[in-house]
Amino acid sequence: MERGGSRDFLPPFAHFATQAIHAGQEPEQWSSAAVVPPISLSTTFKQQAPGEHAGYEYSRSGNPSRNCLEKAVAALDGAKYCLAYASGLAATLNITHLLKAGDTIICMDDVYGGTNRYFRKAAVKMGLNVVFVDCSNVKCLEAAITPETKLVWIETPTNPTLKIIDIQACADAVHKHKDVLLAVDNTFMSAYFQRPLSLGADICMYSATKYMNGHSDVVMGLVSVNCDDLYERLKFLQNSLGAVPSPFDCYMCNRGLKTLPVRMKQHFHNALAVARFLESDSRVEKVIFPGLPSHPQHELIKRQCTGCPGMITFYIKGSLKHAATFLKNLKVFMLAESLGGYESLAEHPAIMTHSSVPKEDREALGISDTLIRLSVGLEDEEDLLKDLDQALKAAFAEC
């Protein structure tokens, strides 16, 4: 099968678009039979007698708008359960609270800067030990697991260097050890392109701020699981820690899911065009895009995914001055952090999203002064390519 110009990815998940529109949205759950789920702003709910309620008592503990969203995301992840949180890092915090002082977390060495910062500067103060390992090499992961290891945290593709990790191989390695959980940050791929739970992960999490919502107007986190006990523990923490999203944000994210399949197909199409353009340009040192055959793990991503999102990183030739001049001269791409919205964004990881990562670690990971990350949006392909071309011209004309 060919989608977006690249062959032999997994076929699309069956009924995905139908589930995105209908799962958890049944009009019969409302007395009005509303086709679009209403926003339930009430913080409290009437009880028929003390302790007897109709499923909701206080909005932190449960809310109809949040319930609709959680049911929809669970269906899209092929999961039994989903829980929504106030942000992606709030989701990370809740997962980390499954552990106790003295436990060890193994984290992929190349991860979102906020995850790196939280583990290094916050989780360790709770008495947790954190080890950063290149989990794209399963032997390195296996060697790092100790009796104290209770959580392995991976991203695939990684942020920002877009390494691909074999989720099934990691799951097999992790589950040789009792009571060790494998969590996969699926933010870059979205549920449309990758289902970590079906590949053996225990936890699939997102910063829904990105592709799942897709409109750069909601900050939210999501966690999907299949294990009943794990769900109950996380549900308790969701209520106890209280980092829940507002009903309005749940409504917005739920709405964003309805166009997820359409959006992700176009992100893939545009990103492939941009990646090919950059790879053929003499002003570019190297392009990293898993959808290109030149990516070292291109075959792996085709085995475990249905396609690629709009994330590209590349090294511009020259120096920091060339990178900065290129970024300042972009007109369609906007210089901004975040990713996964309908608009195209560009950023400088070393200075922006990953500035909190220690310099020596950035250098070891290849997060150099000439590395640029693109989130390719839904604009017309020709306009994106023209914008990149004129910015590259400006970078080398001024430097």
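These notes cover the structure that comes with them. In this text, all values refer to a predicted model and were calculated from it rather than measured experimentally.

**Details of the sheet that holds strand E14 (residues 371-375)**
The strands that make up a sheet pair up through hydrogen bonds in the backbone, lying either parallel or antiparallel.
Part 1 of the reasoning: Taken in spatial order, the five strands line up as E10-E11-E14-E13-E12 in an open sheet, and their pairing is mixed. A single partner strand is all that each edge strand has here, and the edge strands are strand E10 (284-288) and strand E12 (334-335).
Part 2 of the reasoning: Pairing geometry for E12 and strand E13 (residues 345-347), over two bridges, is parallel. Considered in E13, the bridge of leucine 335 is made with alanine 346.
Part 3 of the reasoning: The strands touched by helix H10 (residues 260-279) within the sheet are E10, strand E11 (311-316) and E14, with E11 carrying the most contacts at an inclination of about 15°.

**Description of the state of the cysteines**
Part 1 of the reasoning: Scanning the entire structure with this criterion turns up zero disulfides.
Part 2 of the reasoning: Left without a disulfide partner, cysteine 107 is nearest to the cysteine sulfur of cysteine 135, which lies 7.5 Å away.
Part 3 of the reasoning: Free cysteine cysteine 135: the closest other cysteine sulfur is in cysteine 170, separated by 5.6 Å.

**Description of the packing of aromatic side chains**
Part 1 of the reasoning: Within the structure shown, the criterion is met by 10 aromatic pairs.
Part 2 of the reasoning: A centroid spacing of 4.0 Å and a plane angle of 10° characterise the contact between tyrosine 81 and tyrosine 231, whose relative ring orientation is stacked. With tyrosine 81 in strand E3 (residues 81-85) and tyrosine 231 in helix H8 (residues 228-241), the pair connects residues that are 150 residues apart, well separated along the chain.
Part 3 of the reasoning: Grouping aromatic residues by their ring pairs yields a cluster made of Phe9, Phe16, Tyr192, Phe193 and Phe268.
Part 4 of the reasoning: Lying over the aromatic face of phenylalanine 132, arginine 120 brings its terminal NZ or CZ to 4.4 Å of the ring centre.
Part 5 of the reasoning: Over the ring of tyrosine 112 we find lysine 210, and its NZ or CZ is 5.7 Å from the ring centre.

**Topic: the sheet that holds strand E4 (residues 104-108)**
Part 1 of the reasoning: Read from one edge to the other, the open sheet built from seven strands follows the order E3-E9-E8-E7-E6-E4-E5, with strand pairing classed as mixed. Of all strands in the sheet, those bounded by a partner on one side alone are E3 and strand E5 (129-133). Across this sheet, the average inter-strand angle for adjacent strands is 20°, counted without regard to direction.
Part 2 of the reasoning: In the sheet, E4 pairs with E5 via five bridges, with the strands oriented parallel. By the bridge assignment for E5, methionine 108 is matched with valine 133.
Part 3 of the reasoning: Together, E3, strand E8 (203-207) and strand E9 (221-225) form the strand contacts of helix H2 (residues 64-77), whose direction differs from that of E3 by roughly 130°.
Part 4 of the reasoning: Against the sheet, helix H4 (residues 113-121) makes contact with E4, E5 and strand E6 (149-155), and its axis sits at roughly 140° relative to E5, the strand it touches most.

**Details of the side chain of arginine 283**
Part 1 of the reasoning: Mapped onto the fold, arginine 283 is located in the loop between H10 and E10.
Part 2 of the reasoning: Within the structure, the side chain of arginine 283 is placed 2.6 Å from the side chain of aspartate 281, a separation counted as a polar contact.
Part 3 of the reasoning: Once residues within four sequence positions are removed from consideration, arginine 283 is found in contact with Ile316, Lys317, Asp389, Leu392, Lys393 and Phe396.

**Focus on helix H3 (residues 88-96)**
For an α-helix, 3.6 residues make a turn, and residues three or four places apart therefore share a direction.
Part 1 of the reasoning: Burial within H3 is extensive, with seven of its nine residues counted as buried.
Part 2 of the reasoning: Every buried residue belonging to H3 is among Gly88, Ala90, Ala91, Thr92, Asn94, Ile95 and Thr96, and all of these are buried.
Part 3 of the reasoning: With a side-chain oxygen positioned 3.4 Å from the backbone nitrogen of leucine 89, the residue opening H3 is serine 87.

**A short note on unusual backbone geometry**
Part 1 of the reasoning: Between threonine 156 and the following residue, proline 157, the backbone shows a cis peptide bond with an omega angle of 0°.
Part 2 of the reasoning: Within the secondary structure layout, proline 157 lies in the loop between E6 and helix H6 (167-174).
Part 3 of the reasoning: The omega torsion across asparagine 159 and proline 160 is 15°, close enough to zero to call that bond cis.
Part 4 of the reasoning: Position of proline 160 relative to the elements: it lies in the loop between E6 and H6.
Part 5 of the reasoning: Phi at histidine 15 is positive, roughly 65°, even though this residue is not glycine.
Part 6 of the reasoning: Among the secondary structure elements, histidine 15 is positioned in the loop between strand E2 (6-7) and helix H1 (16-22).
Part 7 of the reasoning: Overall, histidine 15 belongs to the exposed group, its relative accessible area being 62%.
Part 8 of the reasoning: For leucine 162, which is not glycine, the phi torsion reads 60° and is therefore positive.
Part 9 of the reasoning: Tracing the sequence through the fold places leucine 162 in the loop between E6 and H6.
Part 10 of the reasoning: Among the residues examined, leucine 162 registers a relative accessible area of 1% and is labelled buried.

Criteria and cut-off values
Residues numbered from 1 in each chain as written. Predicted model: local features only at pLDDT ≥ 70, side-chain atom pairs only at ≥ 80, totals over all residues. Heavy atoms only, no water. Pairing = 2+ DSSP bridges. Helix = DSSP H or I, 4+ residues; strand = E, 2+ residues; numbered from the N terminus. Contact = heavy atoms within 4.5 Å. Axes fitted to C-alpha atoms, helices over the stretch in contact; angles between N-to-C directions. Disulfide = S-S within 2.5 Å. Phe/Tyr/Trp six-rings, centres within 6.5 Å; stacked < 30°, edge-to-face > 60°. Lys NZ or Arg CZ within 6 Å of the ring centre and 35° of its normal. Polar contact = N/O pair within 3.5 Å; in protein donor to acceptor, adjacent residues only side chain to side chain. Buried < 20%, exposed > 50% of the residue type's maximum accessible area, 1.4 Å probe, protein only.

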